[in-house]
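# Chains, contacts and geometry: an overview
Chain residues, written in single-letter form:
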Amino acid sequence: MSNQAVNGLDNRPVVNRPGKVKGSSNISISKYVSYTFLIILCVIWIIPVIFGISTSFRSQTEVVSSGFRLFPETWVFENYVTILNNTSTAPILRWLGNSLFIATSHTILVVIVISITGFGYTRINFKGRDTLFFTLLGISFFPGVVNLIPSYKIIDSFGWVNTSWAMIIPGLAGMGNIFLVRQFMNGIPKELDESAKVDGASDFRIFAQIILPLVKPILIVCGLFSFTGSWNDFLWPVIVYTDVDKMPVTAGLLLLQDIYGNYRMIGQLMGSAILAIIPTLLLFIFAQKYFVQSINLNSGIKG
Amino acid sequence: MKKKINWAPAFFVGPHVILFAVFILLPTIYGIYASFTKWNLMSDPVWVGFDNYKAILFDGKSTFHTQFFRGLKNTLIFVGLSVPLLIVIPLMVAVALEHKKVKMKSLIQSILYIPGLISISAAALIWLLIFNKQLGITGNLFGSQIAWPANQPYAWIIIIVITLWGGIGGNMIIYRASLSGVAQELYESAELDGAGSIKRFTSITLPSIRFPLIYTFVMTTAGAFNVFGQPLMMTDGGPRQSTHVLMMYIRQLAFGNGESIAGMASAMAVLLGLVILVISALQYYVMNRNAT
């Protein structure tokens, strides 16, 4: 069967296959090939999540004595109780709180900065505007690895090491989102704001009352990706935070393998990982269409 | 008569220009400058000319020389293994999802996309358990008696697996969006001409999504060169530093235990940056030329 399925991929002209209705066999074989592929992939993709969740509800003795099981024999909450009570070496609620504060503030500021700047690059006329934009864009293509070490030094000189500012502010300098917003704003007919200008509206009123409502979709998309990007950032927090109480959850989890003893306290490890996943997962469930639509906007522009 | 100053550019563009200058332009210039210095992050950098580069590139006895080339080799192995799969698997998924008869498209898409929203440190905790000898799936279901993170080629396999798990979602959505834009009439007329699936794929699908392909290929490769979290979490660079990638050495030299060797680390960072730039440019040039 699998052999036949593979052959089905090259779909020799249907007329060469006697006794079959034209087209239908091709479609059904390629349908099975597609389904088999997708289902295998989905199973592999979803098992770690299920396994992680279920292990977080298994007791330590059960994990060690009965080895691998997809679901617990008895569901227990003791792992979560331990995790939440450990407020000294692994204060996971604090870490989650830090992450939430960092990601939320960063997202709000990103949306403000990119909308204002996008307006400036599309609606405010000044000499060298487009040259400035494309110069900054060009510089931003230079690989970020080069500015990593000096960025630390700059953050340090502001006194921001081990504070949330270290993760909230530097990311606002990026050009990617501004590029998208600028493209989007360029697509809005200029006549709209010009007629308002004739009526005596200020730049800021045009921005706030005409342009801002129209660019809401792209701002939501950029905001969502800023939030998840900030929440999941790993290299930068690992460098910037040494204070256990101040770090976000991604950096905190790095410490856990030592704290919960190299997989001797598996339930606790899994429980912590699951807690760290929940916020972005919820965000995806509620804003799924934006995550998917985003790239439509994105590729629509580039294509 | 004095002209009224126009504050609008300063208000709308100014704040971001300042942010850009402080957090991108300044550190980039400083990073290049620091690569020509001896610097411990605390005191002022001392100019040493090309000494760092000489040690890294030509001094066979220097540990920095060994670290750089080992790190670069391991990074290249990662790029070579991961990038083709990060292009091909999402493309296959997108093509399979385009199939008229396939149901539950958005559910499948969500399942494959969601791991991309999981941070590497959380993902690694779960995957390390799966690959755990005593407690995991590889040990119990497939009877593997080997500690995967501590033995090759398994160490690379688990790094690639977790990379694919979290990495195919983005490209998949780009390809899906691009494929849905390909005109159905093209396929229908090709089918009437007797073109098979593979023929239709190579002569219609691939050329129609040429730009997204180039774009994702260049971006995915550049991203893969910055690999850090997966080997750090999954193998910590082992076994015997065979998965110790360049970013890990750079971080270790600048921010590790003991006195910081940030000048040397900056030189490695500049070299890595140059490799990324050259390869991106090359990819863009070759793919753009071949496609036309």
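Residues numbered from 1 in each chain as written. Chains lettered and ligands numbered in written order. Predicted model: local features only at pLDDT ≥ 70, side-chain atom pairs only at ≥ 80, totals over all residues. Heavy atoms only, no water.

A few words now on the overall build of chain B. Helix and strand counts for chain B stand at 14 helices and two strands. Relative to a compact globule of 292 residues, whose C-alpha radius of gyration would be 19 Å, chain B shows 24 Å and is clearly more extended. Counting only C-alpha atoms, chain B reaches 85 × 70 × 35 Å along its principal axes. Long-range contacts, defined here as pairs at least 24 residues apart, represent 66% of the contacts in chain B between residues at least 6 apart. Of the roughly 13600 Å² that chain B leaves accessible, carbon and sulfur atoms contribute 66%. If the 20 positive side-chain charges of chain B are averaged to one point and the 10 negative ones to another, these points end up 2 Å apart. (Helix = DSSP H or I, 4+ residues; strand = E, 2+ residues; numbered from the N terminus. Rg over C-alpha atoms; globule rule 2.2 N^0.38 Å. Contact = heavy atoms within 4.5 Å. Areas by Shrake-Rupley, 256 points an atom, 1.4 Å probe, with all protein chains shown as cover. Lys, Arg positive; Asp, Glu negative; His and termini not counted. Charge placed at Lys NZ, Arg CZ, Asp CG, Glu CD.)

Residue and element names in this part refer to chain B. The UniProt entry lists residues 12–33, 76–98, 110–130, 154–174, 209–228 and 261–286 under the feature "transmembrane region" (unreviewed entry), expressed in the numbering used here. In this annotation, residues 154–174 is assigned 100% helix and 0% strand; the end-to-end C-alpha distance for the span is 31 Å. For residues 261–286, the end-to-end C-alpha separation is 38 Å, with 96% helix and 0% strand making up the annotated structure. (UniProt positions renumbered as here; feature names shortened; annotations may be inferred.)

The predicted structure's coordinates, where accompanied by low pLDDT, should not be read in detail. Put simply, chain B has an average pLDDT of 89, and 98% of its residues get 70 or more. In the predicted assembly, ipTM is 0.86 and pTM is 0.87. (pLDDT = per-residue confidence, 0-100.)

Attention now goes to helix H8 (residues 154–180) of chain B. Residue and element names in this part refer to chain B. In this model H8 runs 38 Å from its N-terminal to its C-terminal C-alpha over 27 residues, within 8% of the 39 Å that 1.5 Å per residue would give. Most pronounced at Gly167, the bend in H8 amounts to some 40°. Among the 27 residues of H8, 20 are classified as buried, and the element is accordingly described as predominantly covered. (Expected span 1.5 Å × (residues − 1). Bend = angle between axes of the 7 residues up to and from the residue. Buried < 20%, exposed > 50% of the residue type's maximum accessible area, 1.4 Å probe, protein only.)

On to a nonpolar patch on the surface. The grouping of Ile46, Ile50, Leu70, Phe71 and Trp75 of chain A at the surface amounts to a nonpolar patch, some 430 Å² of accessible area in total. With respect to the helices and strands, the residue Phe71 of chain A is situated in the loop between helix H3 (60–66) and helix H4 (78–85). (Patch = residues over 30% accessible without salt bridge, like charges linked within 9 Å, V, L, I, M, F, W, Y side chains within 5 Å. Salt bridge = Lys/Arg side-chain N within 4 Å of Asp/Glu carboxyl O.)

Attention now goes to the UniProt feature "transmembrane region" (unreviewed entry) in chain A. Under the local residue numbering, the UniProt record ascribes the feature "transmembrane region" (unreviewed entry) to residues 32–53, 100–121, 133–152, 164–185, 206–227 and 265–287 of chain A. Taken end to end, residues 265–287 of chain A has its terminal C-alpha atoms 35 Å apart, with 96% of it in helix and 0% in strand.

Residues and elements named next belong to chain A. Inspection of the entire model under this criterion finds 31 aromatic pairs over all chains. Aromatic side chains Phe57 and Phe77 sit 5.4 Å apart centroid to centroid with 80° between the ring planes, which places their arrangement in the edge-to-face category. Remark: Phe77 occurs in the loop between H3 and H4 and Phe57 occurs in the loop between helix H2 (24–56) and H3; sequence separation between them is 20 residues. With centroids separated by 6.5 Å and ring planes inclined at 35°, the aromatic side chains of Trp160 and Trp165 adopt a geometry described as tilted. Accessibility expressed as a relative area gives 19% for Trp160, which makes it buried. (Phe/Tyr/Trp six-rings, centres within 6.5 Å; stacked < 30°, edge-to-face > 60°.)

Moving on, we come to the pattern of salt bridges. Between side chains of opposite charge, a pair can form when the charged atoms approach closely. Residue and element names in this part refer to chain A. Here the structure, examined in full by the defined rule, presents five salt bridges over all chains. A salt bridge links Glu62 to Arg58; its shortest N-O distance comes to 2.8 Å. Across the pair, exposure class does not vary: Glu62 and Arg58 are buried alike.

Glancing now at the nonpolar core. Within soluble globular proteins, side chains that are nonpolar generally end up buried alongside one another. Counting residues in each nonpolar core, the largest one holds 177 residues, and the members touching the most others are Ile149 of chain A together with Leu112, Met234 and Ile250 of chain B. The element contributing the most residues to this core is helix H4 (residues 63–98) of chain B, with 14 residues. Structurally, this core is a two-domain feature, drawing no fewer than three residues from each of domain 1 (31–75) and domain 2 (87–297) of chain A. If we skip the residues at most four places from it in the chain, Ile149 of chain A touches Trp39, Leu41, Ile250, Ala254, Phe255, Ala262, Ala265 and Ser266 of chain B. (Core = buried A, V, L, I, M, F, W, Y, C linked by side-chain atoms within 4.5 Å. Domains from an automatic or database assignment.)

What follows deals with the side chain of Ser56 of chain A. Residues and elements named next belong to chain A. For Ser56, the position within the fold is in helix H2. We classify Ser56 as buried; its relative accessible area is 0%. Those residues within four positions of Ser56 in sequence are excluded, and the remaining contacts are Val76, Asn79, Tyr80, Gly267, Met270, Gly271 and Ile274.

The next point concerns the interface of chain B and chain A. Taken together, the contacts link 93 residues of chain B with 94 residues of chain A. Between chain B and chain A lies a buried interface of about 8200 Å² when both sides are counted; carbon and sulfur atoms form 81% of it. The largest share of the area that chain B buries against chain A comes from Phe12, Phe23 and Leu125 of chain B, three residues that together contribute 10% of it. Remark: the boundary between chain B and chain A carries zero salt bridges. Linking chain B with chain A are eleven residue pairs in polar contact (both at pLDDT 80 or more). For the side of chain B that touches chain A, the leading source of residues is helix H2 (residues 14–34) of chain B, giving 14 residues. Within the side of chain B that touches chain A, the residues separate by chemical class into 68 nonpolar, 21 polar and four charged. (Buried area = accessible area lost by both parts, 1.4 Å probe. Polar contact = N/O pair within 3.5 Å; in protein donor to acceptor, adjacent residues only side chain to side chain. Nonpolar A, V, L, I, M, F, W, Y, C, P; charged D, E, K, R; others polar.)

Attention now moves to the packing of helix H7 (residues 148–157) of chain A against helix H13 (residues 246–255) of chain B. With their axes 11 Å apart at the nearest point, H7 of chain A and H13 of chain B run at an angle of 35° to one another. Two packed elements cross with a definite hand, and for H7 of chain A against H13 of chain B that hand is right-handed. Together, Leu148, Ile149 and Tyr152 of chain A of H7 of chain A and Met247, Ile250, Ala254 and Phe255 of chain B of H13 of chain B make up the contact between the two elements. Split into classes, the residues belonging to the contact of H7 of chain A with H13 of chain B amount to seven nonpolar, no polar and no charged. (Axes fitted to C-alpha atoms, helices over the stretch in contact; angles between N-to-C directions. Left-handed = near helix turned anticlockwise from the far one by under 90°.)

As a further point, take the packing of helix H5 (residues 92–123) of chain A against helix H6 (residues 129–140) of chain A. Residue and element names in this part refer to chain A. At a minimum axis distance of 9 Å, the contact between H5 and H6 shows a crossing angle of 135°. With respect to H6, the element H5 is oriented oblique. Every residue of H6 that contacts H5 at Gly120, Tyr121, Thr122 and Arg123 is listed here: Arg129, Asp130, Leu132, Phe133 and Leu136. (Parallel < 35°, antiparallel > 145°, perpendicular 65-115°, else oblique.)

This brings us to unusual backbone geometry. Residue and element names in this part refer to chain B. Looking along the chain, the bond that leaves Gln152 and enters Pro153 is cis, with omega of 0°. Among the structural elements, Pro153 can be located in the loop between helix H7 (137–140) and H8. Residue Pro239 is reached from Gly238 by a cis peptide bond, and omega for that bond is -10°. The phi torsion at Leu41 lies on the positive side, around 75°, for a residue other than glycine. Relative to the helices and strands, Leu41 resides in the loop between strand S1 (37–38) and strand S2 (46–47).

Position of Met175 of chain A relative to the elements: it lies in the loop between helix H8 (165–168) and helix H9 (176–186). In sequence terms Met175 of chain A and Gly138 of chain A are 37 residues apart; their C-alpha atoms lie 9.5 Å from each other. Look past the residues within four positions of Met175 of chain A in its chain and what remains in contact with it is Phe133, Leu136, Leu137 and Ser140 of chain A together with His16 and Phe20 of chain B.

Residues and elements named next belong to chain A. Considering the arrangement of structural elements, one finds Met270 in helix H15 (residues 266–302). The exposure class assigned to Met270 is buried, which follows from its relative accessible area of 0%. C-alpha separation for the pair Met270 and Tyr121, spaced 149 residues apart in sequence, amounts to 47 Å.

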